[in-house]
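Each chain is listed here by its residues.
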Amino acid sequence: MTPDNASFRDPAGFVFTQDGVVLRQVNLIYSEHYDLLMQSGLYADLVGAGLLIPHREYGTAPSAPAQTYKVIEPDKIPFISYPSEWSSGQLKQAALTTLEVQRRALSFGMSLKDASSFNIQFIGSRAVLIDTLSLERYVEGTPWVAYRQFCEHFLAPLALMSLANSSAAALLGNSIDGIPLTLASRLLPIRSRLRPSLLLHLHFHTLELRKHQNPSASRKTGHVTLTGLRGLIDSLHGAVSRLKFAAADSEWDDYYDRTNYPAAAMEEKASIVRAWVEELKPKIVWDIGSNRGRFSRIAAESGCYVISADSDPAAVDSNYRQCQLRNETNILPVVIDISNPTPAFGWANTERRSFLQRGPADTILALALVHHLVITRGVPFEKIAATLAGSSTSLIVEFPSVEDSQVRQMLSQNTAAVARYSETAFRDGFGRHFRIVREQTISGSHRTLFLMTPVAS
Amino acid sequence: MMPAVFLFVLFTTPAYAYLDPGTGSIVAQVIIAAMLGVLFQGKMLWRRLRGFVAAMYHRRKP
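All of the points below concern the structure found in this document. The residue count restarts for each chain, going from 1 along the sequence in the order it is written. Chain letters and ligand numbers both follow the written order, the letters beginning at A and the numbers at 1. The model is predicted, so local features are restricted to residues of pLDDT at least 70 and side-chain atom pairs to those at 80 or more, both for listing and for counting; the totals for chains, interfaces and linings are taken over all residues. Working from all heavy atoms in the structure, the side-chain values ignore hydrogens and water.

### Topic: a nonpolar patch on the surface
Here's step 1: Within this analysis, patches are made of residues with over 30% relative accessible area and no salt bridge. Like charges are joined at 9 Å or less; nonpolar side chains (Val, Leu, Ile, Met, Phe, Trp, Tyr) at 5 Å or less. Residue burial considers only the protein chains on display, and all accessible areas are found by Shrake-Rupley using a 1.4 Å probe. Between Lys or Arg on one side and Asp or Glu on the other, a salt bridge is scored when a side-chain nitrogen of the former is within 4 Å of a carboxyl oxygen of the latter. On the surface, a nonpolar cluster with roughly 520 Å² of combined accessible area is contributed by W46(B), L49(B), F52(B), V53(B) and M56(B).
Here's step 2: For helices the rule is a DSSP run of H or I covering at least 4 residues; for strands it is a run of E covering at least 2, with both sets numbered from the N terminus onward. Mapping V53(B) onto the fold places it in helix 2 (residues 23-60).

### Some words on the nonpolar core
Residues and elements named next belong to chain A.
Here's step 1: Residues grouped as a nonpolar core are buried Ala, Val, Leu, Ile, Met, Phe, Trp, Tyr and Cys residues, joined through side-chain atoms within 4.5 Å. Exposure classes here rest on a 1.4 Å probe applied to the protein chains alone. A residue is buried below 20% of its type maximum, exposed above 50%, and partly exposed in between. Counting 111 residues, the largest nonpolar core has L135, W144, F150, L155 and F430 as its most contacted members.
Here's step 2: When residues in this core are grouped by element, the largest group, 11 residues, is from helix 4 (residues 147-164).
Here's step 3: Two residues qualify as a contact provided that any one of their heavy atoms is within 4.5 Å of a heavy atom in the partner residue. Excluding anything up to four places from it in sequence, L155 contacts F150, L198, H201, L202, L236, A239, V240 and L243.
Here's step 4: Formed by 23 residues, the second largest nonpolar core is a distinct cluster that contains W276, F295, L367 and I396.

### Remarks on the pattern of salt bridges
Residues and elements named next belong to chain A.
Here's step 1: The final tally for this structure, using the stated rule, is 26 salt bridges over all chains.
Here's step 2: Across the pair R9 and E351 runs a salt bridge whose closest N-O atoms are separated by 2.7 Å. Taken together, the residues R9 in the loop between strand 1 (2-3) and strand 2 (13-18) and E351 in the loop between strand 12 (331-335) and strand 13 (361-366) connect sequence positions 342 residues apart.
Here's step 3: Looking at R9, the relative accessible area reads 45%, which means it is partly exposed.
Here's step 4: The exposure class assigned to E351 is buried, which follows from its relative accessible area of 4%.
Here's step 5: In this structure, R438 and E279 form a salt bridge, with 2.4 Å as the shortest nitrogen-oxygen distance. Of the two residues, R438 sits in strand 15 (residues 434-441) while E279 sits in helix 8 (residues 263-280), which places them 159 residues apart along the sequence.

### Here's the deal with the interface of chain A and chain B
Here's step 1: Each side of the interface is counted separately: chain A has 36 residues, and chain B has 30 residues.
Here's step 2: Carbon and sulfur atoms make up 69% of the surface buried where chain A meets chain B, a total of about 3000 Å² over both sides.
Here's step 3: Joining chain A to chain B, the criterion identifies 1 salt bridge.
Here's step 4: Close ionic contact of K43(B) with D234(A) constitutes a salt bridge, the shortest N to O distance being 2.6 Å.
Here's step 5: Think of a polar contact as two N or O atoms within 3.5 Å of one another; within protein, one of them needs to be a possible hydrogen donor and the other a possible acceptor, and neighboring residues in sequence only count if both atoms come from side chains. Summed over the shared surface of chain A and chain B, the number is 4 residue pairs in polar contact (both at pLDDT 80 or more).
Here's step 6: At the level of elements, helix 4, helix 6 (196-211) and helix 7 (226-242) of chain A are the ones that each hand at least two residues to the side of chain A that touches chain B.
Here's step 7: Of the residues belonging to the side of chain A that touches chain B, the class tally is 12 nonpolar, 13 polar and 11 charged. Buried area is a sum: the accessible area each of two parts loses on coming together, probed at 1.4 Å, counted once for each and added. Each residue receives one of three labels: charged for Asp, Glu, Lys and Arg, nonpolar for Ala, Val, Leu, Ile, Met, Phe, Trp, Tyr, Cys and Pro, and polar for the others, Gly being one of them.

Next up, the structure:
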């Protein structure tokens, strides 16, 4: 039994892994709420609407019997992603999911006791609440205890991304508490005050927080009617829905339209990747530098789950919109810069895992990527190979030679990289960590695809 | 002025939630929810009225 490092704050229960299965213990202290969730019809309603992760009650002996009420086995989430790795569209979807859960919960006499963005996970395009123990009995007249958390985790970052600057997502960084309202209120432009919902939930909310900064001896609670609560949720829903995100000035968003590939070569590349993935039969694929996910979709045809990672939030958002349109459940777009991936953060640096700790993948796709890492980012081939070899059991990598028009242009702007970038350097660097299984040059281009497997170091 | 009007609804009872939103946030919520509750009720009433009128209109149509 291994307790999950991210599950210790809520006394209602905790997550642990036993024989490779992720389980959630329900403590006795929460039994009344759990029974209400299951018997009121709320569980069936939320699961039916795809808003809550389904679970089965698990038979085995619990890990801490004295406190245990039940042990449940939730459906497996293929890959855990964090709010700082989501595009604006994904964070917005997660916010709307949280509000919809709360809206429905209130009609069944229950309420969300927290509204952490980490409690939402994506299964492809679908956002679901994974913390089954977040729902508790609603007591008429009590305020929504998670109101402030919702504003900090969702409304503040979304408003900043929409009205201040799309790069405000970076403020989420390694935060586990969202964005402080005082900071958001200060950074938001004056025109945000013209929106009544933002004026109330962010600016006025901040004003009151400042006014009552000194904690009094006893904690205060106030009276909020059910209608007031419904009005609050409805207003937050409107506030989030109305936030629009300009297709940011993306470096890569029109990538496929201005690539130096002839259409036939692109097709050939696609068919090689398709054939190799079919052959490898991976379960989890990381497509790093996926742009809008064209090759993620080709890989996904084989039935695997693809983490479609790119450093450009606009490309990831465009990728996510495609996922939503096609209702895809096996492609997860995430904002990851492979040259500076998400670190481990939270309590003791173990609460939230780094990107690489969430591996290894079965297969990594690194298409049209290495020349950017070597020339623009200055990372040597050997270092790239070492990292990828430690995170996968097979690799499909594309190498554009120095004759490639894009590489030539990049090298002309960065003469220091000329000595470092060559096919010999590529073969040498990757040869230290991988064995080449296949290689195929794409006709009509100066690019070669390699299928490699890591060698034991 | 407005906070003073609503402050009377604040009283002290222990809260057992593991999340502590802070007094300021609760005060803000009490005030905001009181206003939004009224608006929400109006909105629901308006929706029902519209639905009622629409139903009447459809019934009259041959």
